[in-house]
Amino acid sequence: MTDGFELHPGALTRAEQEALAAEVLAGAEHAPFWRPVVPGGKAMSVRMTGFGPLSWVSDLHGYRYQPLHPQTGRPWPPMPQILLDLWRRFAPHAQQPDACLANLYRGEARMGLHQDKDEIDFSAPVLSVSLGDTAVFRIGQTTRGGPTRSVRLASGDVCLLTGPARMAFHGVDRVIAGSSTVVPGGGRLNLTLRRAR
Ligand code: SIN
Ligand code: FE2
């Protein structure tokens, strides 16, 4: 067990999950999901967009948080209220999040083990909301190569990386296609709230 990893299964009702998925896909009409390239030049299999004042981007120059969508040059759509409500519910002592990264997993998309370390404030948690198909999530230690464990994240589940787990390596081994009907068009949406600055 990784200290500080909190899982809250079924934190959102089905109706809330559907409303949030619809709001995210509507936002993506203005701020389209794109496939970031990592500095080594390889495109990620996950597609990304963002909400709120800042979101995370990657390109050949590196990783960073920025206020504008890299393709449209426009600000990210506003943070959905339901996400701010989840932050107040599960991270009542942390300051408001200023960044929401939205990940879309379709087909064979996955995410390799990594740490979230491009934020300035590591005292605030990362709060993650899963919608749609179940993810086979992996979480380990604060050093690469330590023991890991596998956790299934289903639609409506919220998890937090707090305390020692805030810097734990984590990733998504795979997504179980067809395990949910919450996301129109299929697949999985993951929203992570952070304090980037
Ligand atoms: C992430 O680490 O940014 C996303 C994790 C997930 O999709 O559950
Ligand atoms: Fe992450």
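Predicted model only: the values in this text are computed from it and were never measured. Throughout, a residue's number is its position along its own chain's written sequence, starting from 1. Written order determines the labels here, with chains lettered from A and ligands numbered from 1. Confidence filtering applies because this is a predicted model: local features only for residues at pLDDT of at least 70, side-chain atom pairs given and counted only at 80 or more, and all residues used for totals across whole chains, interfaces and linings. Water and hydrogen atoms were dropped before computing side-chain values, which therefore reflect all heavy atoms in the structure.

So, about the site of ligand 1. Surrounding ligand 1, one finds Asn-103, Tyr-105, Met-111, His-114, Phe-137, His-170, Val-172, Arg-188, Asn-190 and Arg-194. Any N or O atom pair separated by 3.5 Å or less is treated as a polar contact, with the protein-specific requirement of one donor-capable and one acceptor-capable atom, and with residues adjacent in sequence counted only for side-chain atom pairs. One of the side-chain nitrogen or oxygen atoms of Asn-103 is found 3.4 Å away from an oxygen atom of ligand 1. Separating an oxygen atom of ligand 1 from a side-chain N or O atom of Arg-194 is a distance of 3.5 Å. Only DSSP runs of H or I covering at least 4 residues are called helices, and only runs of E covering at least 2 are called strands; the numbering of each starts at the N terminus. Of all elements in the fold, only strand 5 (99–105), strand 6 (111–114), strand 11 (170–175) and strand 12 (188–194) reach the threshold of two or more residues within the shell around ligand 1. Each residue is assigned to one class: nonpolar for Ala, Val, Leu, Ile, Met, Phe, Trp, Tyr, Cys and Pro, charged for Asp, Glu, Lys and Arg, and polar for all the others, Gly among them. Tallied by class, residues from the shell around ligand 1 come to 4 nonpolar, 4 polar and 2 charged. Being near a molecule or strand, for a residue, comes down to having at least one heavy atom within 4 Å of it.

Another point: the coordination of the iron ion (ligand 2). In this description, a donor is an N, O or S atom within 2.8 Å of the metal centre, a cutoff extended to 3.2 Å for sodium, potassium and calcium. Water is not part of the atom list, which can make sites seem incomplete. At this site the iron ion (ligand 2) is bound by His-114 (NE2), Asp-116 (OD) and His-170 (NE2), with donor distances of 2.1 to 2.2 Å. Every angle between 85 and 135 degrees makes a four-donor site tetrahedral, while opposite donors more than 155 degrees apart, with all other angles between 65 and 115, make a four-donor site square planar and a six-donor site octahedral; other sites are irregular. Here the iron ion (ligand 2) is ringed by 4 donor atoms whose angles at the metal span 90 to 174 degrees, and the overall shape comes out irregular. All donor residues of the iron ion (ligand 2) come from one chain, and their arrangement in sequence is H-x1-D-x53-H. Highlighted residues: Asp-116 in the loop between strand 6 and strand 7 (126–132) and His-170 in strand 11, separated in sequence by 54 residues.

Whether two strands pair depends on DSSP finding at least two bridges between them. Read across the sheet, 6 strands follow the order 1-10-7-12-5-2 without closing on themselves; strand pairing throughout is antiparallel. At either margin of the open sheet sits one strand with a lone partner, and together these are strand 1 (5–8) and strand 2 (47–51). On average, each strand axis in the sheet is tilted by 20 degrees relative to the strand beside it, whichever way the strands run. Lines fitted to C-alpha atoms define the axes, with helix axes restricted to the stretch in contact, and inter-axis angles between N-to-C directions lie between 0 and 180 degrees.

Further remarks concern the packing of aromatic side chains. Stacked, tilted and edge-to-face are the three classes applied to pairs of Phe, Tyr and Trp rings, where Trp contributes its six-membered ring and a pair requires centres within 6.5 Å; stacked means planes under 30 degrees apart, edge-to-face means over 60, and tilted covers the rest. According to the stated counting rule, one finds 3 aromatic pairs in the structure shown. Ring plane angle 15 degrees and centroid distance 6.0 Å describe the contact between Phe-5 and Phe-137, whose orientation is recorded as stacked. Of the two residues, Phe-5 is situated in strand 1 and Phe-137 in strand 8 (residues 135–139); the sequence distance between them amounts to 132 residues. Judged by relative accessible area, which is 7%, Phe-137 ranks as buried. Burial classes follow relative accessibility: with a 1.4 Å probe on protein chains only, a residue under 20% of its type's maximum area counts as buried, one over 50% as exposed, and anything between as partly exposed.

Okay, the environment of Cys-159 next. Within the fold, Cys-159 resides in strand 10 (residues 158–161). Cys-159 sits 142 residues away from Gln-17 along the chain, and the two C-alpha atoms are 15 Å apart. When neighbours within four sequence positions are excluded, Cys-159 is seen to be in contact with Phe-5, Glu-6, Leu-7, Val-126, Leu-127, Ser-128 and Leu-153. Should any heavy atoms of two residues lie within 4.5 Å, those residues are considered in contact.

Before going further, it helps to examine the environment of Arg-64. One can find Arg-64 in strand 4 (residues 62–66). On the accessibility criterion, Arg-64 (29% relative accessible area) is partly exposed. Taking the C-alpha atoms as reference points, Arg-64 and Asp-118, 54 residues apart in sequence, are found 6.3 Å from one another. Among the polar contacts listed, one links the side chain of Arg-64 to the side chain of Gln-66, at a separation of 3.1 Å.

Attention shifts here to the side chain of Thr-162. Checked against the element boundaries, Thr-162 lands in the loop between strand 10 and strand 11. Of the polar contacts made by the side chain of Thr-162, one reaches the backbone oxygen of Gly-4; its length is 2.8 Å. Excluding residues that lie within four positions of it along the chain, Thr-162 makes contacts with Asp-3, Gly-4, Glu-6 and Pro-125.

Quick look at helix 1 (residues 14–30) now. Helix span, as expected, comes to 1.5 Å for every residue beyond the first. Taking 1.5 Å per residue as the helical rise, helix 1 with its 17 residues ought to reach 24 Å, and the 25 Å between its terminal C-alpha atoms agrees with that figure. Every buried residue belonging to helix 1 is among Gln-17, Leu-20, Ala-21, Val-24, Gly-27 and Ala-28, and all of these are buried. Down the axis of helix 1, the sector holding all buried residues measures 125 degrees, keeping them to one side. For helix 1, the exposed residues lying more than 90 degrees away from the buried face are Ala-15, Glu-29 and His-30. Tucked into the core, helix 1 has its buried residues touching strand 2, helix 2 (81–90), strand 5, strand 7 and strand 12. Our arc is simply the arc of the directions from the helix axis toward the C-beta atoms.

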